[in-house]
Amino acid sequence: MGGSPLAGAGAVVTGAGNGIGRALARRLAAEGARVVVNDLDAAAATAVAHEIGGHAAPGDCASSAGVAALVEQANDALGRIDVFCANAGIDAGHAADGPGGLADPLGVPDETWARMLETNVMAHVRAARAVVPGWLADGRGGRFVVTASAAGLLTMIGSAPYSVTKHAAVGFAEWLSVTYGDRGVVVQALCPQGVRTRMLEDAGPLTALLSRDAALEPEDVATAWVDSLVDDRFLVLPHPEVADYYRARARDTDRWLAGMRRLQAKVDAAVSTPATTPTTGRDA
């Protein structure tokens, strides 16, 4: 029986100081990969790198300069990047208070939209620009993994910037696969639903909704990704039921939207009456 396909691979994981990124870095190391750990939080990146015997490369993986520095450090440490896990992402776009103190979902400032587009979309674009040409040039290919979200296949109630940027992340990954998939570049979109991370803890009234199909541990997400290497499938769905939702959305979009509006109404009711536990049925 053969060993892990990740054994000996040089891998980069962004946003790897906590949550899904940390779980991916740990699992890569356990599979025998040599790992560069990136995170804005230098202490967290260093701690994870120390734990797994990897290399810490703290910094901003969203900016052009930050991506260039990360790739340079990774090439120096690894010799070659074989796997790039573009995992870093943020959710800072929750509804602001509008007139009368009511939530204003359209009131998220332009600055927040810009920040989320930079981190959740352009970070992937800049990383691909930095690593894909080399993979094509040497003929050895590589693996580019985008951590998106089920929100990138469905819709995120509450945060327009999160939903839109995760849709864009999936769209960019699809484009990469179409363009370079037959030239040795394996592209995957990792799309979990609720995962027990700080992002879920900070979701407020959406926490129960995001967890309605059971929130997974970050390690479960990493395992789902490793399992996907058997067939290099594009969509990696740690919550299998998301595939059913995705099919239902495509089959009858108007019915899907009607169900999502019913969920939105339940969230609105929960927000207006904080003592009430949000109800999360399977309307969609």
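Source: prediction; values computed, not measured.

1. Observations concerning the overall build of the chain
Part 1 of the reasoning: A tally of regular secondary structure across the chain gives 10 helices and 9 strands.
Part 2 of the reasoning: Put simply, of all contacts in the chain between residues at least 6 apart along the chain, 64% involve residues at least 24 apart.
Part 3 of the reasoning: Approximately 13100 Å² of the chain is accessible, and the part contributed by carbon and sulfur atoms is 54%.

2. Considering the environment of A74
Part 1 of the reasoning: Inspection of the secondary structure assignment puts A74 in helix α3 (residues 64–78).
Part 2 of the reasoning: Separated by 18 residues in the primary sequence, A74 and A56 place their C-alpha atoms 9.2 Å from one another.
Part 3 of the reasoning: If we skip the residues at most four places from it in the chain, A74 touches V12, V36, G79 and I81.

3. Re the pairing of strand β7 (residues 142–147)
Part 1 of the reasoning: Buried residues dominate β7, accounting for 6 of its 6 residues.
Part 2 of the reasoning: The two faces of β7 match: G142, F144 and V146 on one face and R143, V145 and T147 on the other face are all buried.
Part 3 of the reasoning: By the bridge criterion, 4 bridges tie strand β4 (residues 83–86) to β7 in an arrangement that is parallel. Its bridge partner lying in β7, C85 is registered against V145.
Part 4 of the reasoning: Where β7 lies against strand β8 (residues 185–190), 6 bridges are found, and the strand directions are parallel. Opposite G142, over in β8, you have V185 as the bridge partner.
Part 5 of the reasoning: Handedness of the crossover joining β7 and β8 through helix α5 (residues 160–180) is recorded here as right-handed.

4. Let's talk about the sheet that holds strand β9 (residues 235–236)
Part 1 of the reasoning: With parallel pairing, 7 strands are arranged side by side in an open sheet as β3-β2-β1-β4-β7-β8-β9. Looking at strand neighbours, the two that pair on one side only are β3 (55–56) and β9, the edges of this open sheet.
Part 2 of the reasoning: Judged from the 2 bridges that link them, β8 and β9 form a sheet pairing that is parallel. Looking at the pairing, L190 lines up with V236 of β9.
Part 3 of the reasoning: Each of β2 (34–37) and β3 is contacted by helix α2 (residues 42–52), which is oriented at about 165 degrees to β2, the strand it contacts most.
Part 4 of the reasoning: Across the sheet, helix α8 (residues 218–228) lies against β4, β7, β8 and β9, angled at about 150 degrees from β8, the strand it touches most.

Procedures and definitions
- Residues numbered from 1 in each chain as written.
- Predicted model: local features only at pLDDT ≥ 70, side-chain atom pairs only at ≥ 80, totals over all residues.
- Heavy atoms only, no water.
- Helix = DSSP H or I, 4+ residues; strand = E, 2+ residues; numbered from the N terminus.
- Contact = heavy atoms within 4.5 Å.
- Areas by Shrake-Rupley, 256 points an atom, 1.4 Å probe, with all protein chains shown as cover.
- Buried < 20%, exposed > 50% of the residue type's maximum accessible area, 1.4 Å probe, protein only.
- Pairing = 2+ DSSP bridges.
- Right-handed = clockwise from strand over helix to strand, strands pointing away.
- Axes fitted to C-alpha atoms, helices over the stretch in contact; angles between N-to-C directions.

Fair warning: the whole summary comes from geometry, so function is off the table for now.
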